[in-house]
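Below are the chains, spelled out letter by letter.
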Amino acid sequence: MTLKEFYAEIKDCQKCSLGRSRTKLVFGAGNEKADIVFVGEAPGYYEDQQGEPFVGAAGKLLTELLGKIGLKRSDVYIANILKCRPPENRDPSREEVEACKGHLFKQIEIIKPKVVCTLGNSATQTILDKRVPITKVKAKATQVRDFLVFPLYHPAAALHQGWMREPLEEDFQKLKEFLDSGVRPKPLPALREAEQLDLF
Ligand code: URA
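First, a word on what this report is: a plain description of the structure on this page. (Residues numbered from 1 in each chain as written. Predicted model: local features only at pLDDT ≥ 70, side-chain atom pairs only at ≥ 80, totals over all residues. Heavy atoms only, no water.)

As a further point, take the site of the ligand. All residues in the neighbourhood of the ligand are listed as Gly40, Glu41, Ala42, Glu47, Pro53, Phe54, Asn80 and His154. Contact between the ligand and alanine 42: a nitrogen atom at 3.1 Å from a main-chain N or O atom of the residue. Phenylalanine 54 places a main-chain nitrogen or oxygen 3.0 Å from an oxygen atom of the ligand. Here the ligand has 240 Å² of accessible area as a free molecule, and 91% of this is covered by the chains. Counted by class, the shell around the ligand contains three nonpolar, three polar and two charged residues. (Near = heavy atom within 4 Å. Polar contact = N/O pair within 3.5 Å; in protein donor to acceptor, adjacent residues only side chain to side chain. Areas by Shrake-Rupley, 256 points an atom, 1.4 Å probe, with all protein chains shown as cover. Nonpolar A, V, L, I, M, F, W, Y, C, P; charged D, E, K, R; others polar.)

Here strand β3 (residues 77–80) shows two buried faces, one formed by Tyr77 and Ala79 and the other by Ile78 and Asn80. With two bridges connecting them, strand β1 (residues 29–30) and β3 associate as antiparallel partners. Residue pairing across strands places glycine 30 opposite tyrosine 77, the latter belonging to β3. Pairing between strand β2 (residues 36–40) and β3: four bridges, direction parallel. (Buried < 20%, exposed > 50% of the residue type's maximum accessible area, 1.4 Å probe, protein only. Helix = DSSP H or I, 4+ residues; strand = E, 2+ residues; numbered from the N terminus. Pairing = 2+ DSSP bridges.)

Here we come to the packing of aromatic side chains. Considering all chains together, one arrives at six aromatic pairs under this definition. Judged by centre distance (5.3 Å) and plane angle (70°), the ring pair of tyrosine 7 and phenylalanine 27 falls under edge-to-face. With tyrosine 7 in helix α1 (residues 3–10) and phenylalanine 27 in the loop between α2 (18–21) and β1, this pair connects stretches of sequence that are 20 residues apart. We classify tyrosine 7 as partly exposed; its relative accessible area is 33%. The class for phenylalanine 27 is buried, based on a relative accessible area of 8%. (Phe/Tyr/Trp six-rings, centres within 6.5 Å; stacked < 30°, edge-to-face > 60°.)

Before going further, it helps to spend a moment on a nonpolar patch on the surface. A cluster of nonpolar residues, Tyr45, Tyr46 and Val55, forms a patch on the protein surface that exposes about 290 Å² of accessible area. Take valine 55: its relative accessible area is 31%, and that puts it in the partly exposed class. (Patch = residues over 30% accessible without salt bridge, like charges linked within 9 Å, V, L, I, M, F, W, Y side chains within 5 Å. Salt bridge = Lys/Arg side-chain N within 4 Å of Asp/Glu carboxyl O.)

Compared with an ideal rise of 1.5 Å per residue, which puts 16 residues at 22 Å, helix α9 (residues 165–180) spans 23 Å between its outermost C-alpha atoms and is within 8% of the ideal. Listing the buried residues of α9 in full gives Pro167, Leu168, Asp171, Phe172, Leu175 and Phe178. End-on view of α9: buried residues confined to an arc of 145°, all on one side of the axis. Opposite the buried face of α9, at more than 90 degrees from it, the exposed residues are Glu166, Glu177 and Asp180. Buried residues belonging to α9 abut β2, α4 (57–68), β4 (115–118), β6 (147–149) and α8 (155–160). Glycine 182 occupies a position one or two residues after α9 and carries a positive phi of about 75°. (Expected span 1.5 Å × (residues − 1). Arc of directions from axis to C-beta. Contact = heavy atoms within 4.5 Å.)

Pasting the structure below:
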């Protein structure tokens, strides 16, 4: 399946109540063959209006941070945990995350990136499936399924709390070093593969 085909499948999604309040579903944007996927929390006002992720102030900062490590938006894929904007930009509810996260996992399955950079607590905890504070895991890679997760502060948080800007820039440099080191996700354990073979 391609991303386009998957978009056609979910564009009218009504799995949660945000389907009724959204202006546009924000599917994701960028390179279908990217090695790196960036995952934010949920669309904000401008994203909801335009149907594109990270087009507001946080998006401008994300574009700038990518540029500083030699990446363009078109080199990577950008998406969110939620495809639709929560009213007044409130935090996503557990039900909304549960209803929506399968869409993101499907996109990741189609893209097959090596690295997924989660932006902020919400995306990090959802992808790691663990209630761990971002401060503990940021800029450290962990393997989940068949990709590596590299958490980063959310650019919007750095806009609101100025002190975060410097560590965020430093962590983007660490991401560059990590990518340049050529580290790859490990194939899923041989044992599990054997077990899967046994099953079939
Ligand atoms: N913040 C997010 O988490 N996602 C967006 O798309 C925009 C802002």
